[in-house]
Amino acid sequence: MKRIAVLGGGPAGAFAAERLAAAGLETTLLDDRLAWEKPCGGGVTYKAYSRYPFLLRNDAPKRLVTQTVLSAPRVGAATLSLRQPLVIYSRYDLNRMMLERAERAGARIEKARVHEATRTSDGWRLTTSGGTLETDFCIAATGARNALRNLGTQWTPSDTMYALGYYVPAEQEHIDIQFLPALEGYIWVFPRCGDLSVGICGKGVPAPVLRAQLEAFMEERGISWKGAEFYGHLLPSLETSAWRNNRVAGQGWMAVGDAGGLVDPVTGEGLYYALRSADLASQVVLSETQAPAEKPRAYRALLMRDFIVDLAFGAGLAKRLFLGRLLFRSVPQRMIQLMRSSPRFSSLMQDLFAGTQNYLTLKSRLLRNLHGTLLETVLDFLLSRTVLPSEGPL
Ligand SMILES: Cc1cc2nc3c(=O)[nH]c(=O)nc-3n(C[C@H](O)[C@H](O)[C@H](O)COP(=O)(O)OP(=O)(O)OC[C@H]3O[C@@H](n4cnc5c(N)ncnc54)[C@H](O)[C@@H]3O)c2cc1C
């Protein structure tokens, strides 16, 4: 394998191209849009920038946000002061920064759409809007709307959700997360440089219904969408069974990022997994100990060990987290009440936000802290209702 074609120049493709070109492979990245404002919240977690510090240390405009307010109907709000900020980018800036890194590493960047990828005896022939290209190996990084049927994940409609929103020219310092009754998803308000990304994602809900729910929320909060730019896109959200059979690689190709369905099914975080899968795919491509025929299996095994087992478990949790009920309230309502009363529970939520608490060990941590959390809740209940002598009437 000498010539590599990376199809798609979002974060997954740009990072794979950077890694492969830096190792000396003849790498061509093709994308008909290159740097563009891909619909996205643009939130980069601590998990992502602690593993890939260039996501924090670069000249691209970004916001670092440390306050998050979570709300649900009838229980009000709880504020989290994040120990590690969420870094928020406009996707145009993030994509541009990452494509420049790929180019500096030696990748050839071509503004072209790939219409067809045809297997040949010793590689691939790509038909693109710029002509044809022969290559030995393909990295499919074409995102959630991948139209190349022979490459990437094969999902059913139940393995995706719709996400849409507005870029509103306004300012705010904190992040808002709003849960809604019977919605397997949430509304977010992310402050970016110069505007707010106000959006909603929800599984199994048609886009017009999501849009109406978002606009009702915006009206209630006094956020005007008149004149604001609308966005919408697919978000992979694989069910547990789909993770088991997910097609992430085959002879002569590997899929990275959304093209492989590699998104957290609970939070919708995809940027970390785009970079992580690009990193792992590059390691397998560059490995000299595996024969080409072994590489698809090696990549799948690496992904499994690294994060797929956790995300598949998360897919099972998602419904219970968003739609479950606990003592006559919804789980999100109970979460908000616990965040207000229990520092231990708040700390767990912080770690979920930072991406440092995985789903596999969530239950055991909850059980380990159960006594402490209940004790804190009872104390909070008692103290908030106790009139201390100094506060009473003189
Ligand atoms: C509304 C919304 C909000 C989100 N918010 C967040 C968030 O806050 N944080 C987070 O971590 N994740 C978020 N995500 C998920 C995140 O956007 C994706 O996981 C991430 O963009 C995946 O990167 P990627 O490189 O795999 O794909 P993409 O970013 O989609 O890039 C794919 C690229 O391939 C190109 N392409 C497609 N087909 C072809 C072709 N045939 N030929 C050539 N080029 C092609 C496209 O032009 C595009 O540039 C959000 C998603 C949505 C929809």
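Refer to the structure above for everything that follows.
Residues numbered from 1 in each chain as written. Predicted model: local features only at pLDDT ≥ 70, side-chain atom pairs only at ≥ 80, totals over all residues. Heavy atoms only, no water.

Participant: I would appreciate a short explanation of the site of the ligand in the present structure.
Facilitator: By nearness alone, 38 residues border the ligand, and Asp31, Lys38, Gly41, Arg91 and Asp258 come closest of all. One of the backbone N or O atoms of Ala12 is found 3.0 Å from an oxygen atom in the ligand. In this structure, an oxygen atom belonging to the ligand sits 2.6 Å away from a side-chain N or O atom of Asp31. In the complex, 95% of the free accessible area of the ligand, which totals 1,000 Å², lies under the protein chains. If you list the elements that add at least two residues to the shell around the ligand, you get helix 1 (11-22), strand 13 (185-191), strand 15 (229-236) and helix 6 (271-286). In terms of residue count, strand 15 provides more of the shell around the ligand than any other element does, four residues in total. In terms of residue class, the shell around the ligand is made up of 18 nonpolar, 12 polar and eight charged. (Near = heavy atom within 4 Å. Polar contact = N/O pair within 3.5 Å; in protein donor to acceptor, adjacent residues only side chain to side chain. Areas by Shrake-Rupley, 256 points an atom, 1.4 Å probe, with all protein chains shown as cover. Helix = DSSP H or I, 4+ residues; strand = E, 2+ residues; numbered from the N terminus. Nonpolar A, V, L, I, M, F, W, Y, C, P; charged D, E, K, R; others polar.)

Participant: Which parts of the structure should I look at to understand the packing of aromatic side chains?
Facilitator: When we look at a pair of aromatic rings, we describe it by the centre distance and by the angle of the planes. With the rule as written, the count across this model stands at 12 aromatic pairs. Here the aromatic residues Phe179, Tyr186, Trp188, Phe190 and Phe322 are joined through ring pairs into a cluster of three or more. Above the face of the Trp36 ring, Arg33 is positioned so that its terminal group lies 3.7 Å from the ring centre. Between Arg101 and the ring centre of Phe54, over which it is positioned, the NZ or CZ distance is 3.8 Å. (Phe/Tyr/Trp six-rings, centres within 6.5 Å; stacked < 30°, edge-to-face > 60°. Lys NZ or Arg CZ within 6 Å of the ring centre and 35° of its normal.)

Participant: What am I meant to see in a nonpolar patch on the surface here?
Facilitator: Where nonpolar side chains cluster on the molecular surface, the patch consists of Met304, Val309, Phe313 and Leu360 and spans about 320 Å² of accessible area. Counting through the fold element by element, Met304 comes out in helix 7 (residues 295-323). Its relative accessible area of 31% is what places Met304 among the partly exposed residues. (Patch = residues over 30% accessible without salt bridge, like charges linked within 9 Å, V, L, I, M, F, W, Y side chains within 5 Å. Salt bridge = Lys/Arg side-chain N within 4 Å of Asp/Glu carboxyl O. Buried < 20%, exposed > 50% of the residue type's maximum accessible area, 1.4 Å probe, protein only.)

Participant: I keep staring at the nonpolar core and nothing clicks. Help me out?
Facilitator: Most often, soluble globular proteins have nonpolar side chains that are buried together. Counting residues in each nonpolar core, the largest one holds 93 residues, and the members touching the most others are Ile139 and Tyr299. In contact with Ile139, other than residues within four places in its own chain, are Ile4, Ala5, Val6, Leu7, Ala16, Leu20, Met254, Val256, Ala281 and Val285. One finds Ile187, Val189, Leu214 and Phe217 within the second-largest nonpolar core, a separate group that totals 18 residues. (Core = buried A, V, L, I, M, F, W, Y, C linked by side-chain atoms within 4.5 Å. Contact = heavy atoms within 4.5 Å.)

Participant: Can you help me understand the sheet that holds strand 9 (residues 131-135) in this one?
Facilitator: Strands belonging to one sheet form pairs held by backbone hydrogen bonds; the direction of such a pair is parallel or antiparallel. Spatially, the three strands line up as an open sheet ordered 7-8-9, and their pairing is antiparallel. The sheet is open, and its two edges are formed by strand 7 (114-120) and strand 9, each paired on a single side. Between one strand axis and the next, the sheet turns by 20° as a mean value, whatever way the strands run. Pairing analysis gives five bridges linking strand 8 (residues 123-128) to strand 9, with the strands arranged antiparallel. Note that in strand 9 the partner of Arg125 across the bridge is Glu134. (Pairing = 2+ DSSP bridges. Axes fitted to C-alpha atoms, helices over the stretch in contact; angles between N-to-C directions.)

Participant: Sorry if this is basic, but what is going on with the pattern of salt bridges here?
Facilitator: One side chain can pair with another of opposite charge once the charged atoms of both are near each other. Going through the model one piece at a time under the given rule, you end up with 21 salt bridges. We note a salt bridge from Asp32 to Arg113, for which the minimum N-O separation is 3.3 Å. One end of the pair, Asp32, is in the loop between strand 2 (26-30) and strand 3 (43-44); the other, Arg113, is in the loop between strand 6 (108-110) and strand 7, with 81 residues separating them in the sequence. Under the relative-accessibility criterion, Arg113 is labelled partly exposed at 36%. A cluster of three or more residues bridged by salt bridges with shared partners is formed by Arg19, Arg276, Asp279 and Asp306.

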